[in-house]
Number of protein chains: 2
Amino acid sequence: MIGIFDSGVGGMTVARAIEQLLPDLPYIYFGDLAHSPYGSKSREMLIEYSCRNTDFLLAQGAKIIVIACNSASSTASYILRERYQMPIIDVISPAVRKAADLSEHGRIGLIGTRATVNSGVYGKRLEEIRPKSRLYPQACPLLVPLVEEGWLDRRETKMIVRKYLHPLRNKQIDTLILGCTHYPLLKKAIIPRIGKRVHIIDSSVEAALYLKTMLDQDTALYESLHAPDTANRYYVSDLSSPVQSLAASIFGRSVHLEKINV
Amino acid sequence: MIGIFDSGVGGMTVARAIEQLLPDLPYIYFGDLAHSPYGSKSREMLIEYSCRNTDFLLAQGAKIIVIACNSASSTASYILRERYQMPIIDVISPAVRKAADLSEHGRIGLIGTRATVNSGVYGKRLEEIRPKSRLYPQACPLLVPLVEEGWLDRRETKMIVRKYLHPLRNKQIDTLILGCTHYPLLKKAIIPRIGKRVHIIDSSVEAALYLKTMLDQDTALYESLHAPDTANRYYVSDLSSPVQSLAASIFGRSVHLEKINV
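About the thresholds
- Residues numbered from 1 in each chain as written.
- Chains lettered and ligands numbered in written order.
- Predicted model: local features only at pLDDT ≥ 70, side-chain atom pairs only at ≥ 80, totals over all residues.
- Heavy atoms only, no water.
- Axes fitted to C-alpha atoms, helices over the stretch in contact; angles between N-to-C directions.
- Helix = DSSP H or I, 4+ residues; strand = E, 2+ residues; numbered from the N terminus.
- Parallel < 35°, antiparallel > 145°, perpendicular 65-115°, else oblique.
- Left-handed = near helix turned anticlockwise from the far one by under 90°.
- Contact = heavy atoms within 4.5 Å.
- Nonpolar A, V, L, I, M, F, W, Y, C, P; charged D, E, K, R; others polar.
- Least-squares fit on C-alpha atoms with pLDDT ≥ 70 in both.
- Buried area = accessible area lost by both parts, 1.4 Å probe.
- Salt bridge = Lys/Arg side-chain N within 4 Å of Asp/Glu carboxyl O.
- Polar contact = N/O pair within 3.5 Å; in protein donor to acceptor, adjacent residues only side chain to side chain.

Asker: Whenever I open this one, the packing of helix 1 (residues 12-21) of chain B against helix 10 (residues 203-217) of chain B confuses me. Can you help?
Answerer: Two numbers describe a pair of packed helices, the interaxial angle and the distance between the axes. Residues and elements named next belong to chain B. Closest axis-to-axis distance for the helix 1/helix 10 pair is 8 Å, and the angle between their directions is 40°. Judged by the angle between their axes, helix 1 and helix 10 are oblique. Every pair of crossing elements has a handedness; the one defined by helix 1 and helix 10 is right-handed. Across the interface between the two elements, Thr13, Val14, Ala17, Ile18 and Leu21 from helix 1 touch Ser204, Val205, Ala208, Leu209, Leu211 and Lys212 from helix 10. For the contact of helix 1 with helix 10, the residue count by class is 8 nonpolar, 2 polar and 1 charged.

Below is the structure:
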């Protein structure tokens, strides 16, 4: 089993990408809705939640962990790798690598939550991979609530997206990392406002591609994750009304969410 | 000591109103930022958090509890009154009573979070107090994130406020309850969009006025809360960057927030 966790349902964009690329491997998804959103919480808190989520997924039989949340990846992935023996995939490095590959002039924009931007992790990883490039980060705290309301196509959402992207346009970025698993749902609002020539990097898709490459090269790990006739399972630490419909709109099908106490 | 709790800093509008009306009584404020926002959480979760917050305030010496959060008041105030012996003040009944008094035609609007609106509690209380009136509720889930970003005066905020208030204008309400402690900060955006003739009821102020009336009539209780030379204290379960400045803008002075583990 693959274990995937996120603060809520946004990380389901990662789960969906994984099931498209690795349809034979079952996964367990955990959305920590009791503590959602993560983007406005402190580093200390996110480390505590991430360890608790990982323990839960391990207890359920996960053999690999995917942190399907940029805020948790930014603040807690180092700690999780120190504390646990199993492979830990985050949503940051794969996206940074792809951005470094695609960018013509090394002018790379990043949009994310406040926790993600404040961590400075994207900048550090980019520096390691492509030292001569430059990262322009922009915190966009209102985009998660807008997505969670389902306001994907509204005029107000487009205006707020334009406001957030304005400084990045001025910096003439050629590549933009969507540094939050909610943001792929806003692609249609983002692309015309940043400019069609700018490469858009979807951190959810890149994390899934990275996982696939890793498993293609490690047959033993692949086999350990294999569990025929096991269905994917979806757990949440709280369940309120709009969550079911957002989950359904991400997967394009209805998904059974089971509430558990953590 | 008076004990006041909220999901975060919004409830400080209640604390501020209390210190203006009852400057001689010290209070302890607890903002549960580790679980903020409450407005999107389930009833079950809010009951659990509310009991935990109350236990914390009791342990600190509180002799009366003010639930300075409409979402928690809506879902958990009955349970808290059953479970604890001390007086429990919520932000709902005082606002409903005021609205019932002021409304000419009994057409009363309510704006609040999804948890508050879904609870149906405002409607039930209004039915008890003024049976022939009618409540028109409107959930406004994006207003809390907009306030927390400090976007009080922005064009996007005004557009979103207009969109939320539009159905209430059509119902020709004569009175509007601000059923969330964050909303008084948006009064300037709300008043011109609902119409200047509509009475605006601020649930924070009404709760403080109710507390004052109660203490004016109960000298023993007043005396039990009295604690000369005791400063007000502010605790939070998580502390991230924008919280300090929002707290300062509510009180008009800088406030020391102490982080504790719950």
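Asker: Could you clarify how one ought to interpret the relation of the copies chain A and chain B in this entry?
Answerer: What relates the pair of chain copies is a rotation about an axis plus a shift along that axis. Of the transformation superimposing chain A on chain B, the axial component is 0.0 Å and the angular component is 180°, with the fit at an RMSD of 0.0 Å. Seen this way, the second copy is the image of the first under a two-fold rotation axis. Residue His35 of chain A of chain A places its C-alpha closer to the rotation axis than any other residue of that unit, at 2.5 Å. A high fraction, 100%, of the interface residues of chain A reappear at the interface in chain B, so the copies pair face to face through one surface.

Asker: So what exactly am I meant to see when it comes to the interface of chain A and chain B here?
Answerer: Often, the extent of an interface is quoted as the loss of accessible area upon association of its parts. Chain A puts 33 residues into the contact, and the matching count from chain B is 33 residues. Both sides of the chain A and chain B interface together cover about 2,700 Å² of buried area, and 55% of this is carbon and sulfur. Together, Leu142, Glu156 and Met159 of chain A form the three largest contributors to the area buried by chain A at its contact with chain B, with a combined 19%. Linking chain A to chain B there are 6 salt bridges. The residue Glu44 of chain A makes a salt bridge to Lys259 of chain B at a minimum N-O spacing of 3.6 Å. Taken together, the connections running from chain A to chain B amount to 11 residue pairs in polar contact (both at pLDDT 80 or more). Looking at the side of chain A that touches chain B, the elements that each hand over two or more residues are helix 2 (43-59), helix 5 (114-119), helix 7 (143-148), helix 8 (155-170) and helix 12 (241-251) of chain A. Among the residues forming the side of chain A that touches chain B, the class breakdown is 15 nonpolar, 8 polar and 10 charged.

Asker: What exactly am I supposed to notice about the side chain of Ser203 of chain B here?
Answerer: All names here are of chain B. Within the fold, Ser203 resides in helix 10. There is a polar contact of 3.5 Å between the side chain of Ser203 and the side chain of Asn70. Ser203 has contacts with Asn70, Val91, Ala95, Tyr122, Leu178, Gly179 and Cys180, leaving out every residue within four places of it along the chain.

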